[in-house]
Every structure is written in structure tokens, then in C-alpha cells.
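# Survey of secondary and tertiary structure
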Amino acid sequence: VRLGGRVIGATRRCARAAPPADDGTCVACPEAARLASIRAGRIDKSQLELVVVRGAREDLGWSEAYAAVRTVYCHGACDTPGAIVLPNVGLEAHAYLHHLVSRYDSLADRTVFMHGREPTCGFFGEPVRGGHLLLNVSVADYMDPALGETFMPVTMLMGGGLQGAFFRSTFAATPDAANASVPRPPSRLPLGRDGDHWLPWEANDFQQFIRGVASRNGAKEMLQFDQFFDSLFGRPPPRVLQVAQGAQFAADRKALRRVPLPALRSLLELVEAGHAELPYYMEVVWFHLLHPDTLDAPIDGMPSNGDAPLPFLHHLGEAARRRLDHSYIDPSNWPAISPGCVLGHNLRKEPGKTPAQCQELCIAHGAACLGFEFGVGSSAWYQPGDCQLSSGADTAGCDGTLYNLDFYVRPQPPPPPSNPLPPRGPPSPPPPPSAPPPTYAASTFTELRDTVNNQTGKLGDLVIELPEGARLEWAVCSQLRVHVAHMTLRSVGAGATLDARNCSRHFDVAFGGTLELERVHLVNGGAQASGGAVKVRHGGTLSATESSIEGSSVVSLDGAAYGGAIDASNEMAIDK
């Protein structure tokens, strides 16, 4: 789209081939109409908000046409009028989390999250660092509500241990990219045709990269990824994670609010406390945080990763890999001992390398490589440019002068904290065990609903006592949410009955929440496609003693239904 004769950068689609003769601009396409509505005030920030995180000296001209619906966050002082200035921590994740927490109750109908640099194709390649766009996609696509409640094309599949990756061919700078195509509207995953597919498995020690960042930032302790993942999802990471590399995405209000406010606050507190690893972990999990049903979903067309991985960024070719800014691979400037060497512990040896290439080889080799010897002069054993990977790092007793070697030490991760996060929920400590939990009485549905709603999303215990023989009938067709909190509903004797009148499930237990039922009987739950009475998901726990579930069922809306009484499958089914 052009404005005043100039192309608006946000509407320029990623293209690796030469542009068409007519330069591809439009005057009557949907994005031109949307821009006209923004400029006329018919679309405002309550409907669409473009959140841009500006780094130092980044030019936001590409988004200027959207200034009326744009919110700019700067890490440190900047000259953008009206920008919100934040402390210089946490990269884009800090600004995203700050926005979500501060605007949780007033989010726009659709929010688009973008970096400050002009979005361009891919990331690695030519130019060396791209702006994270998939082929045939522009920022304007993220603003289009017709493309779904979220727009987040998956560009990389990362191993659950952050040790390797598949790149999407239409995101990578490969020789075939100019001939590939992505359909319109763009697909979330490759369709396996027209050059849009997954590339072979490559080494990508992202965890080691993150450790280097933490070490460079002086972190005394850091969360391990599996600990972080369990705190959010209540389970270990899947074998493969779906990632929108660069963490640029769009989501409507409903999708964003699926993530409880306490969980977002907890993440924001950790980022602001200086956990330098958190922004990179968030980049890996944003997709699954907004699409938790995809954690174990099969991925069509994914190659096998059973064979030994190809070297890091093998798809770029040797020449392009040499042109990369190796600070991505090595942010911590591995300490060099000159002269220096290690006796024994030799792994593989490669001639004719630079130190940056040798660092890359060490990372690709895996955790067993603790550093490398590098030839700086001729000797009987080594020549200049020789790269000798090492499984040891103790240089005592080895004469580097004799061998004409320097030794580069691979940074090791800071030790894990003794208690970085509780296994579920926000990081605040629970009340002391000796303090009895508060106890409330509820004899009507309204009293029960108000008590549960007041506690859900908050860490702590709560007991609700129900009179023996009472029958609490749902006055509105809405489930009660037990999120984060530990709630006990109990009665005595024959117990109490909760009747959902076949218009709702009774409880949704999620995000580390625990529901204990003692002599409580659930009847007539339903009208959902999963969990007629109770749905347990994302780290939730259900315990029942001398209780029962009767007359509850599920209704299939899309051909899938799970758990007439209780669903704890994490399978996907569309609910009313």
C-alpha cells in the first residue's frame, strides 16, 4: 500500500525473488481500506493496537501510518513522542508482559506485538539479521482479524531440550527460497508443497547460548528450561516445540486472556528481577502459551530427527555462515588463555578455522565440549588455524608455548537456584502450614460462585463448607474456575449436591489450581465437548473423597468429545 507515493513498510510482504513489474502495490485491497479507517478514526486503539518495542536508534518509519493505533515501548530514553519508557531489561518479552499485565482488563479487540526494526524476511542469511517475516507475509497480515483469533506462523520446530531445530524453508535464506511460495492466506504450518516444507534437523544449542547470556549478565543463578516450562504448563516440555522465531504475533483479547493474570505477573516479576534467560524461554513458548492444545499435536511433514544433526545453520551454506555475526553464537566472548592447552581430552580436530568457527563447532558438538585449543603458530603438532575441541578445561601442566596454542574456555551455566519457582503457579510462597486456611460457608450457588471467583487466580488455600443435604443449582450457565488457588469444598454426612442443570460443566481446574471435594456430589453437568462435570488441564489437580458425579455428559461440536464426567486428556475439542 502506498501513502503519498511512498510504500508503507508494514504492508510490504516478504519476497526473496525480484518484485513484479507492477511493483505489487494496491489501492483497493483490504489493508488499504483498514489504513483509511485508521486515518479517519473509524478504527481506534480499542479495536486494534500495534505494540512496538523499539531498540536504540531503530527507525519506526515503517509503522508511521499506524501511529494512531500504535503504542511504542522503549528500553531506556528514546525520542518517539508518547513512548512508554521501561528499564533496559528483558528484551521484547519485558515490554510484552508489561503491556499484558497493565492492560489485562482493557486489551484491544486485537493486539499485534512487533519489534522496532522494520520487519523483513527470515532471520539468518542476507541481510545477516532479518526481521522475522515468513515468505509472502507482511505486518498487515497480523492486523487482519479474518486470519483468526491469533496469527503466528510457525517458522521453527525446536527440540524440547533446546538442542536442535528444524527451520521452515520459506523462513530460511536458502538458494531455493526465490522459487518457493506460501499460499494466501498464509498457513500456520508448511503445507509440504511449492517449496514450503521443513528443512533437515540441525544442531542448535540454544540452551548453551542462553547460559552464555546469563553468564555475561552476571547471573548467579538461572532457571533451567524444564523448570520454567513445568511452572507454566504443569508438565515436561514435549519432544518438539512449535516456535514463531522472533516472538512477533497477533492475538485477540479472548486468546490473550486465556493466560491468567497471575501467571503473567509472575513472569514479569522474574524478568524485572534480572532473569536474563526468561526472554529467550518466552520466545520459545509464546505459541504454546496461546495454543496449549498443540503441545503434543502431531506435525505433518516433520522429518525424522533420529540421525545425527547437521551443523548449526547448515542450510545457509559455508560462505553465508562465515558472514554471520558470530556474536549470536558467542555473546559471552569465551575467555582465552594465551598461551594455553589441555593435556589429553582431545575430541575432533579441524584445520583452517577461525576462533568464531571453532566456537560454533564446539557448540554443535554438544555439552561434552568444554572448550577448544586454537593453533596460533607452527609446531610439530599444530598449525595456525587448527581447531582442537576438548572435553576438558584444566590448562594446568600443559605448555601452550611449546605447542603454539591458545585455549578458549566454553562458558558454563550458573548453578540452578535452590528453589527458582514452585512447581505450579506464581512464585510467591504459600501461607505457613501452621496457619489454618480461611473457611467460608455457602448455601446457594451465588454464594459459592462469589467465593470461588474471589479466590481464583490467587495463591493460597480456601475451604468452603456446604450444608448437609443442600442442593445448589446453577443460576447461570457458567463453569467455576479454580486457577492457581487450592480450594476445598466439603460437607458432612450424606453430603451436598451441586446441580449444573445440564447447561455447563461444574469446574475448570487449571494453571496449578487444586480442587478437593469431600462429600460433594456433582450432577447434571454438560453442554461442553470435554469434561461434562470437571475439566483438569495445565497443571490442575482434582481430588475427591466420598463424592460422586452423576448425570453428566459431553456434546460433540466438531466430531471430538472427551470425558463425560472428567476430562484430563488435554485433547482438543471445541466447547460452547
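In what follows, the structure referred to is the one given above.
These lines cover the structure that appears in this document, whether it is placed above or below. Nothing here was measured: the structure is a model prediction, and the numbers come from that model. (Residues numbered from 1 in each chain as written. Predicted model: local features only at pLDDT ≥ 70, side-chain atom pairs only at ≥ 80, totals over all residues. Heavy atoms only, no water.)

Counting 72 residues, the largest nonpolar core has L162, F225, F228, V285 and W286 as the members making the most contacts within it. In terms of residues, this core owes the most to one element, helix α8 (residues 278–290), which gives 10 residues. Counting 35 residues, the second largest nonpolar core, distinct from the first, contains V52, L134, V139 and A250. (Core = buried A, V, L, I, M, F, W, Y, C linked by side-chain atoms within 4.5 Å. Buried < 20%, exposed > 50% of the residue type's maximum accessible area, 1.4 Å probe, protein only. Helix = DSSP H or I, 4+ residues; strand = E, 2+ residues; numbered from the N terminus.)

Here we take up the pattern of salt bridges. One pass over the structure, following the stated rule, counts 20 salt bridges. R70 is the partner of E64 in a salt bridge, and the nearest nitrogen-oxygen pair spans 3.4 Å. Linking R168 and D196 is a salt bridge whose minimum nitrogen-to-oxygen distance equals 3.0 Å. In this pair, R168 sits in the loop between β9 (164–167) and β10 (202–203) while D196 sits in the loop between β9 and β10, placing the two residues 28 residues apart along the sequence. Of the two residues, R168 and D196, neither departs from the other in class, the shared state being buried. (Salt bridge = Lys/Arg side-chain N within 4 Å of Asp/Glu carboxyl O.)

Two elements in contact, helix α2 (residues 91–102) and helix α7 (residues 261–272), have axes separated by 9 Å at closest approach and are oriented at 140°. The handedness of the crossing between α2 and α7 is left-handed. Where α2 abuts α7, its residues H94, L97, H98, L100 and V101 lie against L261, L264, R265, L267, L268, V271 and E272. Among the residues making up the contact of α2 with α7, the classes are represented as 8 nonpolar, 2 polar and 2 charged. (Axes fitted to C-alpha atoms, helices over the stretch in contact; angles between N-to-C directions. Left-handed = near helix turned anticlockwise from the far one by under 90°. Contact = heavy atoms within 4.5 Å. Nonpolar A, V, L, I, M, F, W, Y, C, P; charged D, E, K, R; others polar.)

Within helix α10 (residues 355–365), 8 of the 11 residues are buried, leaving the element largely enclosed by the surrounding structure. Those residues of α10 lying buried are A356, Q357, C358, Q359, E360, L361, C362 and I363. Two residues or fewer past α10, G366 is found with a positive phi of approximately 110°.

Judged by pairing direction, the sheet is parallel, and its 5 strands sit side by side in the order β18-β19-β22-β25-β28 without closing on themselves. Of all strands in the sheet, those bounded by a partner on one side alone are β18 (439–441) and β28 (541–545). Ignoring strand direction, the axes of neighbouring strands in this sheet form an average angle of 15°. When strand β25 (residues 514–518) meets β28, the two strands line up parallel, connected through 5 bridges. Residue E516 lies in a different strand from β28, and its bridge partner there is S543. (Pairing = 2+ DSSP bridges.)

With that settled, the discussion passes to the side chain of H115. Take H115: it is sitting in strand β6 (residues 110–115). Accessibility expressed as a relative area gives 15% for H115, which makes it buried. Reaching out from H115, the side chain makes a polar contact with the backbone oxygen of G246 at a distance of 2.7 Å. When near neighbours in sequence (up to four residues on either side) are disregarded, H115 contacts V52, V53, W62, E92, Y96, H132, G246, A247 and Q248. (Polar contact = N/O pair within 3.5 Å; in protein donor to acceptor, adjacent residues only side chain to side chain.)

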